[in-house]
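# A closer look at the structure
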Amino acid sequence: MSSISRRLGGGLLVTLLITVVLIGQGSVWLFDQALRRYLTTVLQSETDSLLAAITPGDQGFYLDSLRIDPDYQRPFSGRYFVIDSPDGRWRSRSLWDQRLPLESDPGLHDVLAPGPQGQELLVWSGNYQKGEQHFLISVAIDYQPLLASFDRARWLIWGLGGVVILFSLLLQQWLLRRALRPLGQARDELAEWHTGQRLVLNEAVPLEFRPLVEEINHLGRQVERIIKRSRSGLADFGHALKTPLAALDSQLQQQASQIGPDSLKAMQSQLLVMRQQLERALQKARLAPERQVGQRFDPAQDLPWLVQSLHSIHGDQLRLYLPEQYRGDWPFEREDMLELLGNLLDNACKWARTGVWLDWQLQGGELRLSVEDDGPGIAADERDKVLQRGTRLDEQVSGHGLGLAIVADLVEVYGGQMELDQSAHGGLAVRLRLPVQP
């Protein structure tokens, strides 16, 4: 999976590595060139001193050792000279028995010449005229210590650059997380929107993210309008069909003597199926967990009212057993949960002998709910038929019909699971698992 943070971090790392390497190499190269230019003037001064030490005598020119720097007398001191003339060659004692590789071209030699004991020599040569005599003076200095210093400086620059790279990457990641924090806030708000705790996203975001948030809010409002129009249109269509169905039922009752009992029963059965399908369609139109409603189901407030309604329908002799302690709301819409629990408990109360048991747990990112009764239950070989897709539950088992169908529709909308089992109390156990959105 691609990551913006990794891409930006990788790009910054490559850029900084190239920059640090170039800075390390470039700074050392620039300093080396500057130092060579400075040493060129020093070596020119040395040739001038050596030229002054060449003294004319009775037998020609000779080199006055008293006017030569003592460093040229110490073996392998790192400072050397060679003077060529038509009468011969003078070499510094510092060369000892080594030879100095020379070039005939005057000026600073571009390539360091190999010197005694592994030294690297920076050589400068010049042509001079003294009297009528021509001299070629070459002066060299050991450049090896400076090269070692350059290497240490280069590694020091690279080490400091590595520290700067590490600090820059950490700073970039911190700034990136801070800059992308509004996206995390928008994600949390979308989760609240999905569970019905919020109607719109907060548009107080940075300028770069505002078009995205505004577009999401616009899309949400548009989807909400489409859902409302669809739900209203289906409701209007259903209510419009109720009147003709009622009229047909009334006409059948009036002409019962003319139609015959078998035909009347068949026609009434078909009208009942049509009415049930119509009620089920209207019910499914209302089941929409993604609709923008902010009220969530709170067992502490909503269950007492539901229990009281069931007692008024089925009588107080039937007991409803609830968990001893239940606090906190469910992350689902209140109307959907009232519909779900109402149908489950109503079906259980119809067939229970003495009591109905309700229990739930919120764990593992899902709501686990069970409703059990001590009634006759449903045979094991018929439970699979009841849960088959496309089978109308009201035609399978009397009493556990349209209510369980509505529950099954709602569970499917929420992406959950529903199973029927044998209750420990002898009746039917309905167990649901509804995933909780993070």
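No experiment lies behind these values; they were computed from the predicted model shown.

### Section: the side chain of D84
Mapping D84 onto the fold places it in strand 3 (residues 79-85). Non-local contacts of D84, meaning those with residues more than four positions away in its chain, are made with R89, L102, H134, F135 and L136.

### Considerations on helix 7 (residues 299-314)
End to end, helix 7 covers 21 Å across 16 residues, agreeing with the expected 22 Å (1.5 Å per residue, within 8%). Residues of helix 7 that are buried: P299, D302, L303, L306, V307, L310 and H314. Buried residues of helix 7 fall within an arc of 135° about the axis and therefore sit on the same side. Opposite its buried face, helix 7 presents the exposed residues Q301, Q308 and S312, each directed more than 90 degrees away.

### Some thoughts on the packing of helix 7 against helix 8 (residues 334-351)
Axis separation between helix 7 and helix 8 bottoms out at 11 Å; the angle between their running directions is 35°. Note on packing geometry: the crossing formed by helix 7 with helix 8 is right-handed. On helix 8, the residues touching D302, L303, W305, L306, L310 and H314 of helix 7 are R334, L338, L341, G342, L345, D346, C349 and K350. Residue classes in the contact of helix 7 with helix 8 are distributed as eight nonpolar, two polar and four charged.

### Some remarks on the pattern of salt bridges
Oppositely charged side chains are able to pair whenever their charged atoms sit close together. Applying the stated criterion across every chain yields a total of 14 salt bridges. For the salt bridge of D71 with R74, the shortest nitrogen-to-oxygen distance reads 3.2 Å. By relative accessible area, D71 is classed as partly exposed at 21%. With a relative accessible area of 44%, R74 lands in the partly exposed category. Notably, a salt bridge pairs D346 with K350, separated by 3.7 Å at the nearest N-O pair. In this pair, D346 and K350 both sit in helix 8, four residues apart, roughly one turn of the helix. On the basis of relative accessibility, which here comes to 47%, the residue K350 falls in the partly exposed class. It is possible to trace a salt-bridge network through shared partners that takes in E46, D69, D71, R74 and R79.

### Considerations on the sheet that holds strand 11 (residues 366-373)
With mixed pairing, the five strands of this open sheet are ordered in space as 9-10-11-13-12. The strands lining the two open edges of the sheet, one partner per strand, are strand 9 (319-321) and strand 12 (417-422). Strand-to-strand twist of the sheet, defined as the mean angle between neighbouring strand axes without regard to direction, takes the value 15°. Pairing geometry for strand 11 and strand 13 (residues 428-435), over seven bridges, is antiparallel. Looking at the pairing, E366 lines up with P435 of strand 13.

### Some details on the environment of S5
Structurally, the position occupied by S5 is in helix 1 (residues 4-53). On the basis of relative accessibility, which here comes to 23%, the residue S5 falls in the partly exposed class. With 172 residues separating them along the chain, S5 and R177 place their C-alpha atoms 8.5 Å apart. Other than its neighbours up to four places away in sequence, S5 contacts Q173 and L176. Engagement of the side chain of S5 in a polar contact is seen with the side chain of Q173, the distance being 2.3 Å.

### Examining unusual backbone geometry
Phi is positive for F76, close to 55°, though the residue is something other than glycine. The residue F76 is located in the loop between strand 2 (60-63) and strand 3 in this model. One non-glycine residue, Q117, lies in positive phi territory at about 55°. Looking at the element boundaries, Q117 is found in the loop between strand 6 (113-114) and strand 7 (120-130).

### Description of the nonpolar core
Ranked by internal contacts, the top residues of the largest apolar core, which has 36 residues, are W330, L340, L341, L344, L369 and L432. Where this core is concerned, the elements lending two or more residues are helix 7, helix 8, strand 10 (355-363), strand 11, helix 10 (402-413), strand 12 and strand 13. The element that contributes the greatest number of residues to this core is helix 8, accounting for eight residues. Every residue in contact with W330, bar those within four places of it in the chain, is listed here: R296, F297, P299, M337, L341, W360, L362, L367 and L369. Residues L50, L51, I83 and F135 belong to the second largest nonpolar core, which totals 15 residues.

### So, a nonpolar patch on the surface
A contiguous nonpolar surface patch, about 410 Å² in accessible area, is contributed by F167, L171, W174 and L175. Its place among the elements puts L175 in helix 2 (residues 144-179).

### With respect to the confidence of the model for the protein
Confidence in the prediction for the protein averages 81 pLDDT; 89% of positions are at 70 or higher. In the model, residues 288-293 has pLDDT below 50 throughout and makes 21 contacts with residues more than four positions away in sequence or in other chains.

### Comments concerning the side chain of R36
Note on placement: R36 falls in helix 1. Judged by its relative accessible area of 15%, R36 falls in the buried class. When near neighbours in sequence (up to four residues on either side) are disregarded, R36 contacts L108, D110, L112, L122 and Y143.

### Topic: helix 8
Look at helix 8: 26 Å from first C-alpha to last across 18 residues, which is about the 26 Å you get at 1.5 Å a residue. Of all 18 residues making up helix 8, 14 are buried, and the element is well covered by its neighbours.

### Notes on the pairing of strand 13
Remember that side chains alternate between the two faces of the sheet whenever the strand is regular. With six bridges joining them, strand 12 and strand 13 adopt antiparallel strand pairing. In the strand pairing of strand 13, L420 is matched with V430. Connecting strand 12 to the antiparallel partner strand 13 that follows it, the hairpin turn spans five residues, and G426 within it adopts a positive phi of roughly 105°.

Criteria and cut-off values
Residues numbered from 1 in each chain as written. Predicted model: local features only at pLDDT ≥ 70, side-chain atom pairs only at ≥ 80, totals over all residues. Heavy atoms only, no water. Helix = DSSP H or I, 4+ residues; strand = E, 2+ residues; numbered from the N terminus. Contact = heavy atoms within 4.5 Å. Expected span 1.5 Å × (residues − 1). Buried < 20%, exposed > 50% of the residue type's maximum accessible area, 1.4 Å probe, protein only. Arc of directions from axis to C-beta. Axes fitted to C-alpha atoms, helices over the stretch in contact; angles between N-to-C directions. Left-handed = near helix turned anticlockwise from the far one by under 90°. Nonpolar A, V, L, I, M, F, W, Y, C, P; charged D, E, K, R; others polar. Salt bridge = Lys/Arg side-chain N within 4 Å of Asp/Glu carboxyl O. Pairing = 2+ DSSP bridges. Polar contact = N/O pair within 3.5 Å; in protein donor to acceptor, adjacent residues only side chain to side chain. Core = buried A, V, L, I, M, F, W, Y, C linked by side-chain atoms within 4.5 Å. Patch = residues over 30% accessible without salt bridge, like charges linked within 9 Å, V, L, I, M, F, W, Y side chains within 5 Å. Areas by Shrake-Rupley, 256 points an atom, 1.4 Å probe, with all protein chains shown as cover. pLDDT = per-residue confidence, 0-100.

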